[in-house]
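Read off the chains here:
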Amino acid sequence: MPSPLRNGDAAHPRLPSPAAPSPLHHHNHNYPSFRSTVSEQKIRRLNLLILLLRLAAFCFSLSAAVFTAANSSRSASSPYSWLSFDSFRVMFAANAIVAVYSLLEMCASIREILHGATLLPEPMQLWFDFAHDQLFAYLALSAGVAGATAARGLSGCTADRPAASFCVQAYISVALGFAGFAFLALSALVSGFRVASYVLTGSRFPLQ
């Protein structure tokens, strides 16, 4: 039987019919969207954690400064006042500085949560937070140690009731200052984590 093709003609290759998309392919197509949603939730939780740490550091540091400034004995026999002790003046100043710094960082954290971007350029903001968290944490720790040493050296805390009240309030101020330092130190750890993540992955969040 003669071939239907003439000399010099070539048979056209048959194109394969398009196969129907498999359920596995459809599942893989939706996977990046699901992963992006999970990452956004984890990033939001980390931002909220940072904000809570800033809030706690602010509250405890401000309370320590207020308790220190209000600590004065009105007894004639023991006219104690926090202004009479260099250590308590240093502790007041340090806690006030940490409170102001924590308040500013709270505002920056709220802006980052609402707008999804840092106040300063990202690398500058990360290094700024990490360096200042460490600096003010050491300041709060040093002031707390100085205040605790001064409080332990107070005399007449058991004999005179007003003097005892002064001593108790001094101990409370020291304890609040140490609590503020603890939350600021935790903030420094989170800041260090974000800096390390940025150096290694180019993003402050390794979850992206």
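The rules behind each value
Residues numbered from 1 in each chain as written. Predicted model: local features only at pLDDT ≥ 70, side-chain atom pairs only at ≥ 80, totals over all residues. Heavy atoms only, no water. UniProt positions renumbered as here; feature names shortened; annotations may be inferred. Helix = DSSP H or I, 4+ residues; strand = E, 2+ residues; numbered from the N terminus. Contact = heavy atoms within 4.5 Å. Salt bridge = Lys/Arg side-chain N within 4 Å of Asp/Glu carboxyl O. Buried < 20%, exposed > 50% of the residue type's maximum accessible area, 1.4 Å probe, protein only. Core = buried A, V, L, I, M, F, W, Y, C linked by side-chain atoms within 4.5 Å. Axes fitted to C-alpha atoms, helices over the stretch in contact; angles between N-to-C directions. Parallel < 35°, antiparallel > 145°, perpendicular 65-115°, else oblique. Left-handed = near helix turned anticlockwise from the far one by under 90°. Nonpolar A, V, L, I, M, F, W, Y, C, P; charged D, E, K, R; others polar. Polar contact = N/O pair within 3.5 Å; in protein donor to acceptor, adjacent residues only side chain to side chain. Expected span 1.5 Å × (residues − 1).

- In the nomenclature of an unreviewed UniProt entry, the protein is known as CASP-like protein of Ensete ventricosum.
- According to its UniProt record, the protein has this under Subcellular location (unreviewed entry): "Cell membrane".
- Per its UniProt entry, the protein bears the Subunit (unreviewed entry) comment "Homodimer and heterodimers."

Points about the overall build of the protein
So, point 1. Counting secondary structure elements, the protein contains four helices and zero strands.
So, point 2. Listing the helices and strands of the protein from first to last along the sequence gives α-α-α-α.
So, point 3. Long-range pairs, those at least 24 residues apart, make up 78% of the contacts in the protein with a sequence separation of at least 6.

Observations regarding the UniProt feature "transmembrane region" (unreviewed entry) in the protein
So, point 1. Mapped onto this numbering, the UniProt entry annotates "transmembrane region" (unreviewed entry) at residues 48-70, 90-114, 135-154 and 174-200.
So, point 2. Counting secondary structure, residues 48-70 comes out at 96% helix and 0% strand; the distance between its end C-alpha atoms is 33 Å.
So, point 3. As annotated, residues 90-114 has a helix share of 100% and a strand share of 0%, and its two end C-alpha atoms lie 36 Å apart.

Examining the pattern of salt bridges
Two side chains of opposite charge can pair, provided their charged atoms sit close to one another.
So, point 1. Within the structure shown, the criterion is met by five salt bridges.
So, point 2. With a shortest N-O distance of 3.7 Å, arginine 54 and glutamate 105 are connected by a salt bridge. Of this pair, arginine 54 sits in helix 1 (residues 23-69) while glutamate 105 sits in helix 2 (residues 86-115), placing them 51 residues apart in sequence. Each member of the pair arginine 54 and glutamate 105 is classed as buried.
So, point 3. Among the ionic pairs, arginine 54 bridges to aspartate 133, the shortest N-O distance being 2.7 Å. Of this pair, arginine 54 sits in helix 1 while aspartate 133 sits in helix 3 (residues 122-152), and the two are 79 residues apart along the sequence.

Structural notes on the environment of aspartate 129
So, point 1. You can see aspartate 129 is positioned in helix 3.
So, point 2. In this structure aspartate 129 comes out as buried when scored by relative accessible area, which is 6%.
So, point 3. Setting aside residues no more than four positions away along its own chain, aspartate 129 makes contact with Arg54, Tyr101, Glu105, Ser191 and Arg194.

Regarding the side chain of serine 187
So, point 1. As for its placement among the helices and strands, serine 187 is situated in helix 4 (residues 161-201).
So, point 2. Overall, the relative accessible area of 3% leaves serine 187 in the buried class.

Examining the nonpolar core
So, point 1. One finds Phe88, Met91, Ala143, Ala151, Leu154, Phe166 and Ala170 to be the most contacted residues of the largest nonpolar core, which totals 13 residues.
So, point 2. Elements supplying a minimum of two residues to this core: helix 2, helix 3 and helix 4.
So, point 3. With four residues, helix 4 is the largest single contributor of residues to this core.
So, point 4. Ala57, Tyr101, Phe136 and Ala140 belong to the second-largest nonpolar core, a separate cluster that totals seven residues.

As for the packing of helix 2 against helix 3
So, point 1. The geometry of helix 2 relative to helix 3 is characterised by a closest axis approach of 8 Å and an angle of 155° between their N-to-C directions. Comparing the axis directions of helix 2 and helix 3 gives the class roughly antiparallel. With respect to the hand of their crossing, helix 2 and helix 3 are arranged in left-handed fashion. Residues Ser87, Phe88, Val90, Met91, Ala94, Ile97, Val98, Tyr101 and Glu105 of helix 2 pack against Phe128, Asp129, His132, Asp133, Phe136, Leu139, Ala140, Ala143, Ala146, Gly147, Ala150 and Ala151 of helix 3.
So, point 2. Broken down by class, the residue content of the contact of helix 2 with helix 3 amounts to 15 nonpolar, three polar and three charged.

Some points on the side chain of glutamine 125
So, point 1. The topology assignment puts glutamine 125 in helix 3.
So, point 2. Given the relative accessible area of 5%, glutamine 125 is considered buried.
So, point 3. Side-chain polar atoms of glutamine 125 contact the backbone nitrogen of leucine 120, separated by 3.0 Å.
So, point 4. In this structure, glutamine 125 is in contact with Thr118, Leu119 and Leu120, ignoring residues within four places of it in sequence.

What about helix 2?
So, point 1. Between its first and last C-alpha atoms helix 2 spans 44 Å; for 30 residues at 1.5 Å apiece the expected length is 44 Å, and the two agree.
So, point 2. With its phi angle positive at about 75°, glycine 116 sits one or two positions after the end of helix 2.

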